[in-house]
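Here is how the chains run, residue by residue.
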Amino acid sequence: MSKESFEDFLSKLEDIVANLENDNISLNDAINQYKEGVNIIKKCNKIIKNAEEQVENLKKELEDNELH
């Protein structure tokens with residue numbers, strides 16, 4: 001089982017938005033799709049936070065190397 005990428009999650013979100021914009025979706029299905037979208041957004045936020053931490057660590061590493 002491979003880990004889904006940020007881009008995979010964005011694609012799923014785009015699909016959910018398209019489904020929600022469909023007039024033929026039932027209220028129950030719309031709510032379930034919305035819940036799935038919220039869960040995907042949470043996963044995206046974790047990925048972004050991790051990426052930001054990596055960038056900060058790299059910046060600190062570079063600064064430390066410049067001081068020595």
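Refer to the structure above for everything that follows.
Sequence order sets the numbering: in each chain, residues are counted from 1 along the sequence as written. Under the rules for a predicted model, residues below a pLDDT of 70 receive no local features and side-chain atom pairs below 80 are neither given nor counted, while totals for whole chains, interfaces and linings still include all residues. To get the side-chain values, all heavy atoms of the structure are used, and hydrogens and water are removed first.

(A) Fine view of the pattern of salt bridges. Any carboxyl oxygen of Asp or Glu within 4 Å of a side-chain nitrogen of Lys or Arg constitutes a salt bridge here. Scanning the model with the defined rule gives two salt bridges in all. Across the pair Glu4 and Lys12 runs a salt bridge whose closest N-O atoms are separated by 2.6 Å. Judged by its relative accessible area of 32%, Glu4 is partly exposed. Type-normalised accessible area, obtained with a 1.4 Å probe on protein chains alone, sets the label of each residue: buried when under 20%, exposed when over 50%, and partly exposed for intermediate values.

(B) A look at the packing of helix H1 (residues 6–21) against helix H2 (residues 27–67). To obtain an axis, a line is fitted to C-alpha atoms, over the contacting stretch when the element is a helix, and the angle between two such axes runs from 0 to 180 degrees between their N-to-C directions. Each helix is a run of DSSP H or I of at least 4 residues and each strand a run of E of at least 2, with the numbering of both proceeding from the N terminus. Two elements in contact, H1 and H2, have axes whose closest approach is 10 Å; the angle formed by their N-to-C orientations is 155°. When the axes of H1 and H2 are compared, the pair comes out roughly antiparallel. The two elements H1 and H2 cross, and the hand of that crossing is left-handed. Only Ala30, Gln33, Glu36, Gly37, Ile40, Ile41, Lys43, Cys44, Ile47 and Ile48 of H2 make contact with H1, whose side of the interface consists of Phe6, Phe9, Lys12, Leu13, Ile16, Asn19 and Leu20. Note that the term roughly parallel is reserved for angles under 35 degrees, roughly antiparallel for angles over 145, roughly perpendicular for angles of 65 to 115, and oblique for everything else. Crossings are sorted by hand: turned counterclockwise from the far helix by less than a right angle, the near helix makes the crossing left-handed, and turned clockwise it makes it right-handed. Residue contacts follow a heavy-atom distance rule, with two residues in contact if any of their heavy atoms lie within 4.5 Å.

(C) Region of interest: the nonpolar core. Definition of nonpolar core: a set of buried residues of the types Ala, Val, Leu, Ile, Met, Phe, Trp, Tyr and Cys, connected through side-chain atoms within 4.5 Å. Formed by Phe9, Leu13, Ile16, Ile40 and Cys44, the largest nonpolar core amounts to five residues. At the level of elements, H1 and H2 are the ones that each hand at least two residues to this core. Ranked by residue count, the leading element in this core is H1, at three residues. Sequence-distant contacts of Phe9, that is, excluding residues within four places in its chain, are made with Glu4, Ile40, Lys43, Cys44 and Ile47.

Purely geometric stuff here, so don't read any function into it on its own.
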